[in-house]
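Below are the chains, spelled out letter by letter.
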Amino acid sequence: MVTCDYPCISIITVNYNGLRFLKNLFNSISNLNYPEDNIQVIMVDNGSTDGSVEFVRSNFPEVEVLVLNKNSGYAGGNNEGFKHAGGQYVALINNDCSVDANWLTAMVNIMNSNSRENKVGAVSSKVVFFYKYLVLDFFIRNGEKVSPGDSNDIYRARLSGFNIKCSDVKEKDLLEKSLKFLEGFHLQSRDGKNGKFAYKLKTKATLAVPIPAGGNNTGGDNVTLSFDASSLNGANRLTITISGKEICSVGLDETTKNIALSLTKDLFYLKKDIINSCGTEINKAFYSRDRGFNKIDEGQFDNVEEIFSPSGSSLLINRQLLDEVGFYSKNFFTYYEDIDLFWRARLKGWKVFFTPDSVARHYHCGTGKEWSYSFTYHVIRNRLLMIYRCGWASIFVRSYAGFILANIKNTASYVASIVLGRKQARIDIGIRFRIFFELFYLLPKNLISRLKIRSSMTVSDNSIKSWIKKF
């Protein structure tokens, strides 16, 4: 039910070579149940070379396109958007998302509950992965009398070469990237040329298979999932079920066989959403994680509640918060810039809420790659930089000491692997040394920012510590 008063909203998306996702995003924004005259849509383009700018200007003329001559990252791109945003509230949405019709209204409803006692600075959506999933349970038997639920610790099978076939060839790679190895799959190796993974399984594992059709319950075409399977330690049968319904049972031996599963439309009523983020939380070392990540959505996050920080992929920010606290730090480029901003905001007394009624669907790393060089570099560096800027002295000392000890430990392990003839693929070793030397420059550069943040805080560090979770 629409209850908001329709304040003017600026919606910002930052784009870098995300052409393939933009039609979905802007079509979903155009279908919002919110007056279009009260919405300003801004795309900040970070120097794309894939025709994104031309596509949006031709097909979505209502979108204001800001073209930057270089990639300024998530932080720099959104900061440019903030400068041009005229709305009372500013919504941020990743370019590889699409939004439900009630996405904006639901967040505005929470923001409009703002009061002197309830200083609402931001609202976070429920972000689910773009596709709905069929959840497959794999049971490996070792002899006819062994129960599929046997929880022994012996590896029973090896599965590799997962492949998805569907009618839309262009969607195939997105579907394969979206496979979710939820439980029981132990990574054994990876083929760097085609990104195929090999896993060892014990007696039970759970795999979620994405199904096309944009989340409809029954639409879309049949999907075929194929993979290679072989037996380990005498296992002789693989059984696969969906919601307890057996869909495959085949014999296994030590030779590799290809198994093809036809996931037909009559199974699609069993599709489920898998959560990407219901906001973010922190632990005592100030690592952050998405609440609910990779969990099947079974209603466990169906209440409005206060959280530490919103998901950077979909949120609404009070313009007054930006005016008081400032924008994202340009030093971050991408990753942890959101935790840094909302840590600063919390030190000023601002609150952040999550609402399950605002839903965005997210490809997740659609235009980026987890644990690539850039990802690893920015995650390790920015966490330390954030703690230095916002945290109390002892937490930074402990974090920096932990970083140094981790460098020593990881480097020693890497050298040992070379000596023993088992060289590891460790891109983080060089990254850690790079960060070690960069901090001699970055810490003095951010000293003034730290002094301003710490001297202007209006609440104690205990309010931050109260949000620390165990993980």
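Attention here is on the structure that accompanies the text. Everything numeric in this text was worked out from a predicted model, so none of it was measured.

Cut-off values and rules
- Residues numbered from 1 in each chain as written.
- Predicted model: local features only at pLDDT ≥ 70, side-chain atom pairs only at ≥ 80, totals over all residues.
- Heavy atoms only, no water.
- Helix = DSSP H or I, 4+ residues; strand = E, 2+ residues; numbered from the N terminus.
- Rg over C-alpha atoms; globule rule 2.2 N^0.38 Å.
- Buried < 20%, exposed > 50% of the residue type's maximum accessible area, 1.4 Å probe, protein only.
- Contact = heavy atoms within 4.5 Å.
- Areas by Shrake-Rupley, 256 points an atom, 1.4 Å probe, with all protein chains shown as cover.
- Salt bridge = Lys/Arg side-chain N within 4 Å of Asp/Glu carboxyl O.
- Phe/Tyr/Trp six-rings, centres within 6.5 Å; stacked < 30°, edge-to-face > 60°.
- Lys NZ or Arg CZ within 6 Å of the ring centre and 35° of its normal.
- Core = buried A, V, L, I, M, F, W, Y, C linked by side-chain atoms within 4.5 Å.
- Pairing = 2+ DSSP bridges.
- Disulfide = S-S within 2.5 Å.
- Axes fitted to C-alpha atoms, helices over the stretch in contact; angles between N-to-C directions.
- Parallel < 35°, antiparallel > 145°, perpendicular 65-115°, else oblique.
- Left-handed = near helix turned anticlockwise from the far one by under 90°.
- Nonpolar A, V, L, I, M, F, W, Y, C, P; charged D, E, K, R; others polar.

As a further point, take the overall build of the protein chain. Of regular secondary structure, the protein chain possesses 12 helices and 21 strands. Here the C-alpha radius of gyration of the protein chain, 24 Å, is about what a compact globule of 471 residues would show, namely 23 Å. Among the 471 residues that make up the protein chain, the fraction classed as buried is 51%. The contacts in the protein chain between residues at least 6 apart in sequence include a share of 77% that link residues at least 24 apart. Just so you have it, the protein chain exposes about 21400 Å², and 51% of that area is on carbon and sulfur atoms.

Once that is clear, we can look at the side chain of Lys180. Relative to the helices and strands, Lys180 is located in strand β9 (residues 180-191). Lys180 has contacts with Phe129, Tyr133, Thr206, Leu207, Ala208, Ile274 and Asn294, leaving out every residue within four places of it along the chain.

So, about the pattern of salt bridges. The tally for this structure, following the rule as stated, stands at 18 salt bridges. A salt bridge links Lys172 to Glu176; the shortest N-O distance between them is 2.7 Å. With Lys172 and Glu176 both in helix α5 (residues 169-177), this residue pair falls four residues apart, about one helical turn. Take Lys172: its relative accessible area is 25%, and that puts it in the partly exposed class. Residue Glu305 pairs with Arg291 through a salt bridge whose shortest N-O separation is 3.4 Å. Of this pair, Glu305 sits in strand β18 (residues 305-307) while Arg291 sits in the loop between β17 (288-290) and β18, placing them 14 residues apart in sequence. On the accessibility criterion, Arg291 (11% relative accessible area) is buried. Salt bridges here are not isolated pairs; linked through shared partners, they connect Lys126, Asp297 and Asp302.

For the structure shown, the criterion picks out 30 aromatic pairs. A ring pair is formed by Phe396 and Tyr400, whose centres lie 5.9 Å apart and whose planes are at 25 degrees; its orientation type is stacked. Of this pair, Phe396 and Tyr400 both sit in helix α9 (residues 393-419), separated by four residues, roughly a single helical turn. Between the NZ or CZ atom of Lys202 and the centre of the ring of Tyr155, over which it lies, the distance is 5.3 Å.

This paragraph deals with the nonpolar core. With 45 residues, the main nonpolar core has Phe138, Leu225 and Phe227 as its most contacted residues. Looking at this core, the elements that each hand over two or more residues are β7 (132-141), β8 (157-165), α5, β10 (196-211), β11 (223-231), β12 (237-242) and β14 (257-263). The element that contributes the greatest number of residues to this core is β10, accounting for seven residues. Among the nonpolar cores identified, the runner-up in size contains 32 residues, and Ile29, Val56, Ile93 and Val123 belong to it.

Further remarks concern the sheet that holds strand β21 (residues 468-469). Here we have three strands laid out as an open sheet, ordered β17-β16-β21, and mixed in their pairing. In this open sheet, the two strands that pair with only one neighbour each are β17 and β21. Bridging between strand β16 (residues 280-283) and β21 involves two bridges; their strand directions are parallel. By the bridge assignment, Asn283 is partnered in β21 with Lys469.

Applying the stated rule across the entire model yields zero disulfides. Free of any disulfide, Cys278 has its nearest neighbouring cysteine sulfur in Cys97, separated by 13 Å. Judged by relative accessible area, which is 0%, Cys278 ranks as buried.

Neither face of β16 is exposed, since Thr280 and Ile282 on one face and Glu281 and Asn283 on the opposite face are all buried. Of the pairings in the sheet, the one linking β16 to β17 comprises three bridges and is antiparallel in character. Following the sheet pairing, Glu281 is matched in β17 by Arg289. As consecutive antiparallel partners, β16 and β17 are separated by four residues, and within that stretch Phe286 has a phi angle of approximately 60 degrees, a positive value.

Each pair of packed helices can be described by the angle between their axes along with the distance between the axes. Orientation of helix α7 (residues 337-347) relative to helix α8 (residues 373-390), taken along the N-to-C sense of each, is 15 degrees, at an axis distance of 10 Å. Between α7 and α8, the interaxial angle falls into the category roughly parallel. Our pair here, α7 against α8, has a crossing hand that is right-handed. Contact residues: Ile339, Asp340, Trp343, Arg344 and Leu347 in α7; Met386, Ile387, Arg389 and Cys390 in α8. Looking at the contact of α7 with α8, its residues break down into six nonpolar, no polar and three charged.

Along the chain, Arg450 turns up in helix α11 (residues 447-455). Contacts of Arg450, omitting those with residues within four sequence positions, involve Ile387, Tyr388, Arg389, Gly391, Trp392 and Ala393.

A few words now on unusual backbone geometry. Among all residues save glycine, negative phi is the norm, and among peptide bonds the norm is trans. Phi is positive for Asn233, close to 55 degrees, though the residue is something other than glycine. When you line up the elements, Asn233 lands in the loop between β11 and β12. Phi is positive for Phe333, close to 65 degrees, though the residue is something other than glycine. Turning to its location among the elements, Phe333 is positioned in the loop between α6 (319-325) and α7.

Note that every value here comes from positions in space, so none of it alone points to a role or purpose.
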